[in-house]
Amino acid sequence: MDPTDHGQGATQAVAESAGQPERGAEPPFVLIEPLRRTTPLIFASPHSGRRYPAELLADSRVSLISLRRSEDAYVDELFAGAAAHGACVLTASVARAYVDLNRDPSELDPEMFDERPPHSPHLSSARVQAGLGAIPRISGDGQNIYRRKLSLDEAERRIATVHRPYHAVLQSLLAENKTAFGCAVLIDCHSMPNNSRGAHAPDVVLGDRFGASCHPSVTALAEATLRRSGYRVARNTPFAGGHTTQTYGRPISGVHALQIEINRGLYVDERTLERTNGYMRVRADMARLAEALSAAALHESLV
């Protein structure tokens, strides 16, 4: 594969492309570009944003720590090392509690708004019913977030300023990589709570929508690499992949999407959200995963 040159070092890009906020506004994502793109891989983290807009805090009836329990805490940091192996790393900067980037934008909970959202089959999705639609109704610890009903204009503004720009840049990266390498591979990075962890519970869950969103060679290599690092790995249970993998994963078209969920208990104190002694190990292991996937892609043996 011919690598694509993208500048003079890994940078945090503040892109001003179509769909971006107005000039001067803080972008809703961070894009880390490698020195050169040498792999079709993109690592994305839609739930690790730690910026809480003032309007959310003003309307919230719960504490900041309650809101933060919705985060995939520090997942952006765990996978940042992928840029050293020629991959792009895209992460949300705005909190999931404000708008969820791993949801269809029409997944709006009618109970939250002062008028009914436009008709969509997504209005009755299981995620909406659980209070976890595109604009979440509940926090990570199950509390109702808002003091009042929101307007649909508020929901549209969040989607227009955060959701659409993130997905616009993700779509662009996938298209660029497919053109440059003949395929694109998206690793959608998440963390999962530790509350269901038992003696044989997985440390990592890989979701490829039961083979529908990703070539089996990608999932198999990810699983083998993680197992060699000592992790218990499951596939598709209890997480088979969400909006991102469903939307972008089209193996027949050369675009592959694999979701990875890491048990937060491995690297963070879920009560305080402070990093624990396991953080450095998990971060190093995720860098090794990125290296293994990138090396396979470089030698055209990944898909």
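All figures in this text were calculated on a predicted structure; none of them were measured in a lab.

Trainee: Can you help me understand helix α8 (residues 279-298) in this one?
Mentor: Two residues of an α-helix separated by three or four positions point the same way, owing to the 3.6 residues in each turn. A rise of 1.5 Å per residue sets the reference length of α8, with its 20 residues, at 28 Å; its end C-alpha atoms lie 28 Å apart and thus fit the reference within 8%. Of the residues making up α8, those classed as buried are Y279, V282, D285, M286, L289, A290, L293, S294, A296 and A297. Of the surrounding secondary structure, the elements contacted by the buried residues of α8 are β5 (41-45), α3 (75-79), β7 (184-192), α6 (216-228), β10 (255-263) and β12 (274-275).

Trainee: Looking at this model, I keep getting lost on unusual backbone geometry. Mind explaining?
Mentor: Leaving glycine aside, a negative phi is the common case for residues, and trans is the common case for peptide bonds. For the bond running from T237 to P238, omega is 10 degrees, close enough to zero to count as cis. Following the sequence through the fold, P238 ends up in the loop between β9 (233-235) and α7 (243-248). Phi at F210 is positive, roughly 55 degrees, even though this residue is not glycine. The topology assignment puts F210 in the loop between β8 (204-207) and α6.

Trainee: Whenever I open this one, the confidence of the model for the protein confuses me. Can you help?
Mentor: Should the pLDDT be low somewhere, the predicted coordinates at that spot are not to be read in detail. When the pLDDT values of the protein are averaged, the result is 89; 89% of them are 70 or greater. Below pLDDT 50 for its whole length, residues 1-23 participates in 53 contacts with residues either more than four positions away or in separate chains.

Trainee: Any chance you could explain the pairing of strand β3 (residues 29-33) here in plain terms?
Mentor: Both faces of the sheet carry side chains from a regular strand, because those side chains alternate between them. Here β3 lies mainly inside the structure; four of its five residues are buried. Note: β3 against strand β6 (residues 88-92), four bridges, orientation antiparallel. For F29, the partnering residue across the bridge sits in β6 and is A92.

Trainee: For this particular structure, what's the right way to read helix α5 (residues 152-181)?
Mentor: Between its first and last C-alpha, α5 extends 41 Å over 30 residues, near the 44 Å set by a 1.5 Å rise per residue. I159 marks where α5 bends most, by close to 35 degrees. In the stretch just after α5, G182 is the one whose phi turns positive, near 90 degrees.

Trainee: Just to check I follow, could you spell out the pattern of salt bridges for this structure?
Mentor: When charged atoms on two side chains of opposite charge get close, those side chains can pair. Summed over the entire model, instances satisfying the criterion amount to 24 salt bridges. For D76, the salt bridge is made with R50, and the minimal N-O distance between the two is 3.0 Å. Separated by 26 residues along the polypeptide, D76 in helix α3 and R50 in the loop between β5 and α1 (54-59) bring together distant segments of the chain. Note on D76: relative accessible area 14%, which makes it buried. A salt bridge links R264 to D72; the shortest N-O distance between them is 3.6 Å. In this pair, R264 sits in the loop between β10 and β11 (268-269) while D72 sits in the loop between α2 (64-68) and α3, placing the two residues 192 residues apart along the sequence. Assigned by exposure class, R264 and D72 land together as buried. Overlapping salt bridges, with partners in common, bring together R50, D76, E77 and R275 in one network.

Trainee: When you look at the packing of aromatic side chains in this model, what are you seeing that I'm missing?
Mentor: Think of a pair of aromatic rings as described by two things: how far the centres are apart, and how the planes are tilted against each other in angle. Within the structure shown, the criterion is met by one aromatic pair. Between the aromatic rings of F43 and F79, the centroid separation amounts to 5.9 Å while the plane-to-plane angle is 25 degrees, which identifies the pairing as stacked. Of this pair, F43 sits in strand β5 while F79 sits in helix α3; the two residues are 36 residues apart in sequence, bridging distant segments of the chain. Given a relative accessible area of 3%, F79 falls into the buried group. Sitting above the plane of the Y279 ring, R275 keeps its charged end 5.4 Å from the centroid. In this arrangement the basic side chain of R281 is found over the ring face of Y231, its NZ or CZ atom lying 4.4 Å from the centre.

Trainee: Would you mind showing me how to read the pairing of β8 here?
Mentor: Of the two faces of β8, the one carrying V204 and L206 and the one carrying V205 and G207 are both buried. Both β8 and β9 contribute to a ladder of three bridges, which runs parallel. Each residue of the ladder has a partner; that of L206, found in β9, is R235. As a crossover connection, the stretch from β8 through α6 into β9 is right-handed.

Trainee: How should the environment of A126 be read in this particular structure?
Mentor: Inspection of the secondary structure assignment puts A126 in helix α4 (residues 126-129). When the C-alpha positions of A126 and E107 are compared, they lie 9.8 Å apart, and in sequence the two are 19 residues distant.

Trainee: What's the story with the environment of L289 in this structure? I'm lost.
Mentor: Mapped onto the elements of the fold, L289 is located in helix α8. Between the C-alpha atom of L289 and that of G81, which follows or precedes it by 208 residues, the distance is 9.9 Å. Those residues in contact with L289 that lie beyond four places of it in its chain are A222, T225, L226 and I260.

Conventions used here
- Residues numbered from 1 in each chain as written.
- Predicted model: local features only at pLDDT ≥ 70, side-chain atom pairs only at ≥ 80, totals over all residues.
- Heavy atoms only, no water.
- Helix = DSSP H or I, 4+ residues; strand = E, 2+ residues; numbered from the N terminus.
- Expected span 1.5 Å × (residues − 1).
- Buried < 20%, exposed > 50% of the residue type's maximum accessible area, 1.4 Å probe, protein only.
- Contact = heavy atoms within 4.5 Å.
- pLDDT = per-residue confidence, 0-100.
- Pairing = 2+ DSSP bridges.
- Bend = angle between axes of the 7 residues up to and from the residue.
- Salt bridge = Lys/Arg side-chain N within 4 Å of Asp/Glu carboxyl O.
- Phe/Tyr/Trp six-rings, centres within 6.5 Å; stacked < 30°, edge-to-face > 60°.
- Lys NZ or Arg CZ within 6 Å of the ring centre and 35° of its normal.
- Right-handed = clockwise from strand over helix to strand, strands pointing away.

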